[in-house]
Amino acid sequence: MARRDTAAFAEFAAARSRSLYRAAYLMVGDHALAEDLLQEALTKTYVAWPRLRAVANADAYARKAITTTAINWWRRRSWHAERPRGDVPEVAVRDHSDRVSDHDTMWMELQGLPPRQRAAIVLRYYEDLTERETAEAMGCSVGTVKSQVYAGLEKLRTRLGPAAVPMTTEMGVGR
Amino acid sequence: MTETLKDMMTARADAAPGPHLDVGDVIRAGRRRVLRNRAAGGTAACAVLAAVALIAPTHPFGGADPSAVDSADRVTYAVGSTIHDGNRTIDVAPHEVTSYVRTDDGFAYAAQDGRIYFTDGGASEQIGDSGGDHRLAADDSGSYVGWTEVDGYGDQRPEVVVYDTARRTEVFRTSAAGGDGRLPPLVMAIDDGVVYVRDDLKPYTAAAWDVSTSDPVPSSLALTDVANGYIARDYWRDNAQNPRTATIVSRDPDSDQPRFPRLDGISNSLSDLSPSGRYILSDVGEPSGFRQVVVERATKTEVTPRVVGYAHEDPAYWIDDDRYVLEGYTGINDGMSKRDLLVCSVSAGSCEVVTTLEGGVTFPDD
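In this text, all values refer to a predicted model and were calculated from it rather than measured experimentally. (Residues numbered from 1 in each chain as written. Chains lettered and ligands numbered in written order. Predicted model: local features only at pLDDT ≥ 70, side-chain atom pairs only at ≥ 80, totals over all residues. Heavy atoms only, no water.)

## Some remarks on the sheet that holds strand E5 (residues 99–103) of chain B
Strand pairing in a sheet is mediated by backbone hydrogen bonds. Such pairs are either parallel or antiparallel. Residue and element names in this part refer to chain B. Inclusion rule: Here, strands pair whenever DSSP counts at least two bridges between them. Helix and strand assignments follow DSSP, with helices taken as H or I runs no shorter than four residues and strands as E runs no shorter than two, numbered in order from the N terminus. Angles shown run from 0 to 180 degrees and are taken between the N-to-C directions of axes, each axis being a line fitted to C-alpha atoms and, for helices, limited to the stretch in contact.
On the basis of which strands lie adjacent, the open sheet formed by four strands has the order E5-E6-E7-E8 and antiparallel pairing. If you trace the sheet from one side to the other, it starts and ends with E5 and strand E8 (125–129), each paired once. Neighbouring strand axes in the sheet, compared pairwise and without regard to direction, differ in orientation by 25 degrees on average.

Now the structure itself:
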């Protein structure tokens, strides 16, 4: 009873690893580190497997493991903490036609955010989680999610301009 | 800057290469961590005798009819180097018990290094070496214990071994059970002299052998338990392409009836049969989540004992054909927090706390 169903876990890992890896990559910004993060999160999920019971539970657990592990790694590795950016873009004079450049700039700015702000934004706006789901994944309160998201978006707006990160967006703020 | 943040993240994620993930590596790492957690629990776990006294058996391994023994005598769990058996304890130090089973003659257990030992309450005797895979299986009564052996590097074909604790000798060995060194086959059950093996490598294969003759015996894919000739297995729609949706319990390994409800999707507290196959204990999904139910196989009637006051209940094992052991959590069911150990009786329709646990505990494989 409560045995680890290896086949079911293997199927879960195979089916969900790509999606989990994408979120991990957005959180850490490095492919090799994202793979390490995925491996660690799935290992934790395997250990918890007998208690998870259903796909939704396993998915939520793995996502939480990705998020909290990433944040803990950042805490331990100071070089992954917020990266000071002295090269604040001159948003008023940017050429909006340069899509690739904009893309890269926004990516760099996202990766420059503190870990918890970055995780909250990835979960809210890439994973499309609600504030409550984001709070569960981060292991914090809904209020903390709101403040982390607000602070992160404010920094991005400051650096990238309101056109890139509008105050009221289609992103579903406040769900 | 025309791209929204979401667009950028989606584009970045889409452009990321697929992860190089070896699920076998994950499973092996997970197994090692489970073993470490159990060993760590040995130093922290404690058990507090609660309201219901456990009655000491006068002759625990004397071949007595198990049904004649008070069920409390059959409550067992292991913490670190100690196997609790009713209200007596067996110290197997320096070994740490990572998995174990009860036979009519005593306990067979796997230590952290994967070696398999047997104790009848006295000194332990090594009876095998799993090479790392720690799952054991035994019948509800009898003297056979089975496991899978792999070499340390996963280079050789896994072998399934059955040992007779009455005769103190190995009685069956085969390398024809499928799997490989990364995902060896699991000995899922021993029932009425037949060892049932489940190969979790695709394509799945079903394997079972009569231990006394070594003849192959018909078995079922996705088998989860066998008791008294009844085989419980997952029912999948469309050849495993869709989530399992029911449990089939039948003596016919090819039958797809009768089906019993279970939780959709993955379900890890596998449907378990009572020793005679009379009852099925499994999870079913409900709008509020899931819960464990006991169903009488012949009538499909739910006969779940009443248990109240817990946020989560995790079943552990059947003691006999009426009673099973359950962990009751008031908080998160993480396998470590303080929780009650209960014995639930189908005939009484209720559960009673027998002890309180905290920390890592190992229950017998079945």
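Read on for the rest.
## Remarks on the pattern of salt bridges
Residue and element names in this part refer to chain A. Operational definition: What counts as a salt bridge is simple: a side-chain nitrogen of Lys or Arg found within 4 Å of a carboxyl oxygen of Asp or Glu. For every residue, the accessible area obtained with a 1.4 Å probe (protein chains only) is divided by the maximum for its type, and the residue is called buried under 20%, exposed over 50%, and partly exposed between those limits.
Taken as a whole and judged by the stated rule, the model has 20 salt bridges over all chains. For Glu-109, the salt bridge identified is with Arg-159, shortest N-O distance 3.5 Å. Residue Glu-109 is located in helix H4 (residues 99–111), and its partner Arg-159 is located in helix H7 (residues 142–160); the two are separated by 50 residues in the primary sequence. An identical accessibility class is assigned to Glu-109 and Arg-159; each is buried.

## A short note on H7(A)
All names here are of chain A. Defined as follows: Here a helix's expected span is defined as the number of its residues, less one, multiplied by 1.5 Å.
An ideal rise of 1.5 Å per residue puts 27 Å on 19 residues; H7 measures up with 26 Å between its terminal C-alpha atoms. Taken as a whole, H7 has its buried residues at Val-145, Gln-148, Val-149, Gly-152, Leu-153, Leu-156, Arg-157, Arg-159 and Leu-160. One or two steps after H7, the chain reaches Gly-161, where phi turns positive at roughly 100 degrees.

## A few points about the pairing of strand E26 (residues 339–345) of chain B
Residues and elements named next belong to chain B. Counting buried positions over the seven residues of E26 gives seven, a clear majority of the element. Residues Arg-339, Leu-341, Val-343 and Ser-345 point to one face of E26 and Asp-340, Leu-342 and Cys-344 to the other, with burial holding for every one of them. Note: strand E25 (residues 323–329) against E26, seven bridges, orientation antiparallel. Among the inter-strand pairings, Arg-323 is bridged to a residue of E26, identified as Ser-345.

## What about the environment of Asp105(B)?
Residues and elements named next belong to chain B. Rule in force here: Under the rule applied, a polar contact is a pair of N or O atoms within 3.5 Å (in protein, one hydrogen donor and one hydrogen acceptor; residues adjacent in sequence only if both atoms are side-chain atoms).
Structurally, Asp-105 can be placed in the loop between E5 and strand E6 (106–110). Each C-alpha atom of the pair Asp-105 and Arg-167 lies 9.9 Å from the other, and the pair is 62 residues apart in sequence. Within polar-contact distance, the side chain of Asp-105 engages the backbone nitrogen of Ala-166 at 3.2 Å.

## Some thoughts on the packing of aromatic side chains
Residue and element names in this part refer to chain B. Put simply, the rule reads: Think of it this way: a Phe, Tyr or Trp ring, Trp meaning its six-membered ring, pairs with another when their centres are within 6.5 Å, and the plane angle makes it stacked under 30 degrees, edge-to-face over 60, tilted otherwise.
In the structure shown here, the tally under the stated rule is ten aromatic pairs over all chains. Both rings, one in Tyr-109 and one in Tyr-117, keep their centres 5.5 Å apart while their planes meet at 20 degrees; by these two values the pair is stacked. Taking the centre distance of 5.1 Å and the plane angle of 65 degrees together, the rings of Trp-318 and Tyr-324 count as edge-to-face. Relative accessible area serves as the criterion here: at 8%, Trp-318 is assigned to the buried category.

## Points about empty space enclosed by the protein
Residues and elements named next belong to chain B. Selection criterion: Grid points spaced at 1 Å over the protein atoms alone were grouped into cavities, where a 1.4 Å probe fits but cannot get out, and pockets, open sets with protein on both sides within 12 Å along at least five of seven lines, with lining residues defined by an atom within 4 Å of a point. Grid points are joined across faces, edges and corners, and a volume is the space filled by probe spheres set on the points. Gly is placed with the polar residues, together with every amino acid not listed as nonpolar (Ala, Val, Leu, Ile, Met, Phe, Trp, Tyr, Cys and Pro) or charged (Asp, Glu, Lys and Arg).
Inspection of the entire model under this criterion finds one cavity of 30 Å³ or more. Considering only enclosed or pocket space, the largest cavity measures out at about 30 Å³ in volume. If you go around the largest cavity, the residues you meet are Arg-74, Arg-102, Thr-103, Asp-104, Asp-139, Asp-140, Ser-141 and Gly-142. Among the residues making up the lining of the largest cavity, the classes are represented as no nonpolar, three polar and five charged.

## Some details on the sheet that holds strand E15 (residues 205–210) of chain B
All names here are of chain B. Spatially, the three strands line up as an open sheet ordered E13-E14-E15, and their pairing is antiparallel. Bordering the open sheet on either side are strand E13 (186–191) and E15, each of which pairs with just one other strand. Averaged over all pairs of adjacent strands, the angle between strand axes in this sheet comes to 20 degrees, irrespective of strand direction. In terms of strand pairing, strand E14 (residues 194–199) meets E15 through six bridges, oriented antiparallel. Note that in E15 the partner of Arg-198 across the bridge is Ala-206.

## Quick notes on helix H2 (residues 31–52) of chain A
A turn of α-helix holds 3.6 residues, and therefore any two residues three or four places apart point the same way. Selection criterion: What is called the bend at a residue is the angle between a pair of axes, fitted to the seven residues leading up to and ending at it and to the seven starting from it.
Where H2(A) bends most, the angle comes to about 40 degrees, and this point is Tyr46(A), followed within four residues by the proline Pro50(A). Capping the start of H2(A) is the job of one residue whose side-chain oxygen sits 3.1 Å from the backbone nitrogen of Ala32(A): Asp30(A).

## Quick notes on the confidence of the model for chain A
Residue and element names in this part refer to chain A. Operational definition: One confidence number per residue, pLDDT, is output by the predictor and ranges from 0 to 100. Only heavy atoms enter the contact rule, under which two residues are in contact if any of them lie within 4.5 Å.
For chain A, per-residue confidence averages 78 on the pLDDT scale, and residues scoring 70 or more make up 74% of the total. In the model, residues 78–94 has pLDDT below 50 throughout and makes 28 contacts with residues more than four positions away in sequence or in other chains. Here residues 168–174 is a poorly scored stretch, pLDDT under 50, and it has ten contacts once near neighbours within four places are set aside; other chains count.

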